[in-house]
Amino acid sequence: MDSLAFQDCYPDELSHCFGCGKNNTSGHQLKSYWDGEQTVARFQPDERHTAIPGFVYGGLLASLIDCHGTGSACAAAYRAEGRPLGSLPALRFVTAALHVDYLAPTPLGPELELRGEIIEVKPKKVVIDISLLAEGVVCAKGQVIAVKMPDTMVL
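All figures in this text were calculated on a predicted structure; none of them were measured in a lab. (Residues numbered from 1 in each chain as written. Predicted model: local features only at pLDDT ≥ 70, side-chain atom pairs only at ≥ 80, totals over all residues. Heavy atoms only, no water.)

**Comments concerning the overall build of the protein**
Point 1. Per the secondary structure count, the protein includes 1 helix and 6 strands.
Point 2. The C-alpha atoms of the protein give a radius of gyration of 15 Å, which matches the 15 Å a tight globule of 155 residues would have.
Point 3. For the protein, buried positions account for 44% of its 155 residues.
Point 4. Sequence-distant contacts in the protein: of pairs separated by 6 or more residues, those separated by 24 or more amount to 61%.
Point 5. For the protein, the accessible surface area stands at approximately 7,900 Å², while carbon and sulfur atoms represent 55% of it. (Helix = DSSP H or I, 4+ residues; strand = E, 2+ residues; numbered from the N terminus. Rg over C-alpha atoms; globule rule 2.2 N^0.38 Å. Buried < 20%, exposed > 50% of the residue type's maximum accessible area, 1.4 Å probe, protein only. Contact = heavy atoms within 4.5 Å. Areas by Shrake-Rupley, 256 points an atom, 1.4 Å probe, with all protein chains shown as cover.)

**What to know about the environment of E47**
Point 1. As for its position among the elements, E47 is in the loop between strand 2 (38-43) and helix 1 (58-80).
Point 2. Judged by relative accessible area, which is 64%, E47 ranks as exposed.
Point 3. For the pair E47 and L108, spaced 61 residues apart in sequence, the C-alpha to C-alpha distance is 7.6 Å.

**Some remarks on the pattern of salt bridges**
Point 1. In total, this model carries 11 salt bridges according to the counting rule given.
Point 2. Between D35 and R115 there is a salt bridge, with the nearest N and O atoms lying 2.8 Å from each other. On the criterion of sequence distance, the pair formed by D35 in strand 1 (residues 32-35) and R115 in strand 4 (residues 112-122) is long-range, its members being 80 residues apart.
Point 3. D35 sits in the partly exposed class, given a relative accessible area of 29%.
Point 4. Where R83 meets E81, a salt bridge forms, and the shortest distance between an N and an O atom there is 2.9 Å.
Point 5. Connected through salt bridges with shared partners, the residues D35, R42, E111, E113 and R115 form a single ionic network. (Salt bridge = Lys/Arg side-chain N within 4 Å of Asp/Glu carboxyl O.)

**Regarding the pairing of strand 6 (residues 137-148)**
Point 1. Bridge count between strand 3 (residues 93-102) and strand 6: 9 bridges; the pairing is antiparallel. Looking at the pairing, D101 lines up with K141 of strand 6.
Point 2. With 10 bridges joining them, strand 5 (residues 125-134) and strand 6 adopt antiparallel strand pairing. Residue pairing across strands places V127 opposite I145, the latter belonging to strand 6.
Point 3. Counting the residues in the hairpin turn of strand 5 and strand 6 gives 2 residues, including E135, whose phi is positive at 55 degrees. (Pairing = 2+ DSSP bridges.)

**Quick notes on the nonpolar core**
Point 1. Counting residues in each nonpolar core, the largest one holds 35 residues, and the members touching the most others are L30, L64, I65, F93, L114 and L132.
Point 2. Elements represented by at least two residues in this core include exactly strand 2, helix 1, strand 3, strand 4, strand 5 and strand 6.
Point 3. Looking at this core element by element, the count peaks at 12 residues for helix 1.
Point 4. Look past the residues within four positions of L132 in its chain and what remains in contact with it is L61, L64, I65, T106, L112, E113, L114, V137, V138, C139 and A140. (Core = buried A, V, L, I, M, F, W, Y, C linked by side-chain atoms within 4.5 Å.)

**Thoughts on the layout of surface pockets**
The rolling of a water-molecule-sized probe over the atoms marks out the regions of remaining empty space.
Point 1. There is about 300 Å³ of room inside the largest pocket.
Point 2. As for the largest pocket, its lining consists of 15 residues, and the residues nearest its centre are L14, C17, R92, V94 and M149.
Point 3. If you list the elements that add at least two residues to the lining of the largest pocket, you get helix 1 and strand 3.
Point 4. Ranked by residue count, the leading element in the lining of the largest pocket is strand 3, at 3 residues. (1 Å grid on protein atoms, 1.4 Å probe; cavity = no way out; pocket = protein on both sides within 12 Å on 5 of 7 lines; lining within 4 Å. Points joined across faces, edges and corners; volume = space filled by probe spheres on them.)

Geometry only, nothing functional implied.
The structure is reproduced here in structure tokens:
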């Protein structure tokens with residue numbers, strides 16, 4: 001597995017996301033990496049992420065799938081262009097569509113693992129399928145359609 005997180009390569013001015021922004025100390029601080037042809041991230045939920053005692057809130061799962069998806073899209077776009085992560089001009093992606101299927105209750109306690117599979121890479125759009133697992137059990141599956149961030153979003 002690569003040692004550099006995708007999100008650590010984002011420019012500082014684009015690193016404020018609640019889910020994965022390194023500059024958002026109140027957020028999840030999700031970190032995504034290459035693991036061969038797949039992407040992987042891990043997250044340890046705590047009591048703040050409770051839906052029903054003993055189980056993780058589904059909105060958290062959706063946000064993890066979302067942020068792992070956009071991070072994976074960024075990395076896949078750099079890889080498709082043969083460029084190192086973080087090289088300029090910066091490539092950043094935002095969510096155009098997010099679909100999540102909840103397959104099993106997600107227990108609170110174990111570390112969650114997200115596994116991404118890059119389905120399609122185009123210059124302005126990347127599609128990623130993501131599985132979210134707890135103790136090896138697939139609890140949710142999602143698909144993220146990420147689009148290149150429009151220039152109008154940069155302040």
